[in-house]
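Here is how the chains run, residue by residue.
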Amino acid sequence: MTLAELADRLGCRLEGDGSIEVTRVAGIEHAEPGDLTFLSNPRYTSRLAGTRASAVIAGQRVTGAPCAVLRSPHPYVSFAEAVGVLTPAARPAPGISPLAAIDPTAEIGRDVSIAPFVVIGARARVGARTVLHPHVSIGVDAIVGEDCLVYAHVSIREDVQIGHRVVLQDGAVIGSDGFGFATRPDGSHVKIPQVGRVVIEDDVEIGAQSVVDRPAVGETRIGAGTRIDNLVQVAHGVRVGRNVLLAAQVGIAGSTVLEDDVVMAGQSGATGHVRIGRGARVSAQSGVLEDVPAGAHVAGMPAWPAAEWRAAMVALRRLPELRRMLLRLVAESEVRK
């Protein structure tokens, strides 16, 4: 693809020879002629002069590039789009494998790709152009929308609703039973039937081995545009807003609400029945035990304002020194007595 064609696809302003051919995207230090690189982090500006790339995606103020430049107000976003253009994902040909087990009452859209050992239950619906990789299981009355990509060993349980353009990575489980038990007077536990549903809205991606549980009543809902990393647990009755980011090993307990644009970093978690406000950020390995205001940044266990947490950690590192000072002052006071 020529730079002129690529610039047009990405909506970038081209500075340089538009006839140059580019074939892939590479890092700024490893790029070769024919490669497109990008500069989004100012820390790497000094490395731009030495790149061998044929072109770079960069912001409006970047100078000193030894190659053509694609000017973008959001270089990292343009980089992501360029990868999709230059390295499109391989897509299986449409068709249904004779080794798939599909209930005769299921509805299958046009141009779907259904691999061997896929199982689709009664009255389930699969939308047009959706791809189901081997060993996918779709339960009774489940709905999978159009243009979805469902990788191997994904389990979509009964009555789950999946929107359009959803990506489910390997081994994800959507609609498993929530962790609901009532304790008898004798200490034994009786299971509360989990008969609610799970709704995954449009343009969501859920990572490998992540789980979204169904509730006893009502629904668990993941809002449009949300991205969930690997090994994430979303418990029963949780409501996740739009464009939320959940990094690896996040855990969210039952009936918690995450409003739009929330970010939870790796291994952080939230207890049940709390609300994390719009645009709030939760730092890695933090534990949210109470409501978080919109736009706040919290850290620590229990989570509290990140600036205060950082100040406390600085003081914590000085505790041995402060202890020695205190003991010396006590000793001096005793001597004066």
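Overview of the structure. Every value quoted in this text rests on a predicted model; they were computed, and no experiment measured them.

With that out of the way, let us pick up the overall build of the protein. Across its full length, the protein holds four helices and 38 strands. In terms of overall size, the protein is more extended than a compact globule, its C-alpha atoms giving a radius of gyration of 26 Å where 337 residues would be expected to give roughly 20 Å. Across the 337 residues of the protein, 42% fall into the buried class. The contacts of the protein with a sequence gap of at least 6 include a subset with a gap of at least 24, amounting to 17%. Entry remark: accessible area of the protein is about 17600 Å², with carbon and sulfur atoms responsible for 55%. Taken together, the 34 basic and 36 acidic charged side chains of the protein have centroids lying 8 Å from each other.

Before going further, it helps to examine the packing of aromatic side chains. How two aromatic rings sit relative to each other is set out by the distance from centre to centre and by the angle between their planes. Inspection of every chain in the model, using the stated rule, returns four aromatic pairs. With 5.5 Å between their ring centres and 25° between their planes, Tyr76 and Phe79 make a pair best called stacked. In this pair, Tyr76 and Phe79 are both assigned in helix α2 (residues 75–86), three residues apart and thus about one turn of the helix distant. Relative accessible area serves as the criterion here: at 54%, Tyr76 is assigned to the exposed category. You can call Phe79 buried: its relative accessible area is 17%. Look at Phe179 and Phe181: their rings are 5.1 Å apart centre to centre, the planes differ by 70°, and that puts the pair in the edge-to-face class.

Turning our eyes to something else, we now look at the pattern of salt bridges. If you walk through the whole model with that rule in mind, you get 21 salt bridges. Of the charged contacts in the structure, one is a salt bridge between Glu146 and Arg129, with a shortest N-O distance of 3.3 Å. In this pair, Glu146 sits in the loop between β14 (143–144) and β15 (149–150) while Arg129 sits in the loop between β11 (125–126) and β12 (131–132), placing the two residues 17 residues apart along the sequence. Note that Arg278 is salt-bridged to Asp261, the shortest N-O span being 3.3 Å. With Arg278 in the loop between β34 (275–276) and β35 (281–282) and Asp261 in the loop between β31 (257–258) and β32 (263–264), the pair connects residues that are 17 residues apart, well separated along the chain.

It is worth spelling out the pairing of strand β19 (residues 173–177) at this point. With two bridges joining them, strand β16 (residues 155–156) and β19 adopt parallel strand pairing. For Ser155, the partnering residue across the bridge sits in β19 and is Val173. As paired elements, β19 and strand β24 (residues 211–214) share four bridges and run parallel to each other. The residue of β24 that forms the bridge with Val173 is Val211.

Our focus in this paragraph is the sheet that holds strand β33 (residues 269–270). Read from one edge of the open sheet, 10 strands run β7-β10-β13-β16-β19-β24-β27-β30-β33-β36, paired in parallel fashion. Either end of the sheet is taken by a strand with one partner, and the two such strands are β7 (101–102) and β36 (287–288). Direction of pairing for β33 relative to β36: parallel, over a ladder of two bridges. Bridging from a neighbouring strand, Ala270 pairs with Val288 of β36.

With that out of the way, let us pick up a nonpolar patch on the surface. Together, Met313, Leu316, Leu319, Leu322 and Met325 give the surface a local cluster of nonpolar side chains, amounting to about 400 Å² of exposed area. The element that contributes the greatest number of residues to the nonpolar patch is helix α4 (residues 319–336), accounting for three residues. For Met325, the location among the structural elements is in helix α4. Owing to a relative accessible area of 32%, Met325 belongs among the partly exposed residues under this scheme.

Moving on, we come to the environment of Pro42. Tracing the backbone shows Pro42 in the loop between β3 (35–38) and β4 (55–58). Here the alpha-carbon distance between Pro42 and Met301, two residues 259 residues apart in the chain, equals 32 Å.

As a further point, take the side chain of Ser113. In this structure, Ser113 sits in strand β9 (residues 113–114). A distance of 3.2 Å separates a polar side-chain atom of Ser113 from the backbone oxygen of Ala93. Those residues in contact with Ser113 that lie beyond four places of it in its chain are Pro92, Ala93, Pro94, Gly95, Thr130, Val131 and Leu132.

Reading the values: the criteria
- Residues numbered from 1 in each chain as written.
- Predicted model: local features only at pLDDT ≥ 70, side-chain atom pairs only at ≥ 80, totals over all residues.
- Heavy atoms only, no water.
- Helix = DSSP H or I, 4+ residues; strand = E, 2+ residues; numbered from the N terminus.
- Rg over C-alpha atoms; globule rule 2.2 N^0.38 Å.
- Buried < 20%, exposed > 50% of the residue type's maximum accessible area, 1.4 Å probe, protein only.
- Contact = heavy atoms within 4.5 Å.
- Areas by Shrake-Rupley, 256 points an atom, 1.4 Å probe, with all protein chains shown as cover.
- Lys, Arg positive; Asp, Glu negative; His and termini not counted.
- Charge placed at Lys NZ, Arg CZ, Asp CG, Glu CD.
- Phe/Tyr/Trp six-rings, centres within 6.5 Å; stacked < 30°, edge-to-face > 60°.
- Salt bridge = Lys/Arg side-chain N within 4 Å of Asp/Glu carboxyl O.
- Pairing = 2+ DSSP bridges.
- Patch = residues over 30% accessible without salt bridge, like charges linked within 9 Å, V, L, I, M, F, W, Y side chains within 5 Å.
- Polar contact = N/O pair within 3.5 Å; in protein donor to acceptor, adjacent residues only side chain to side chain.

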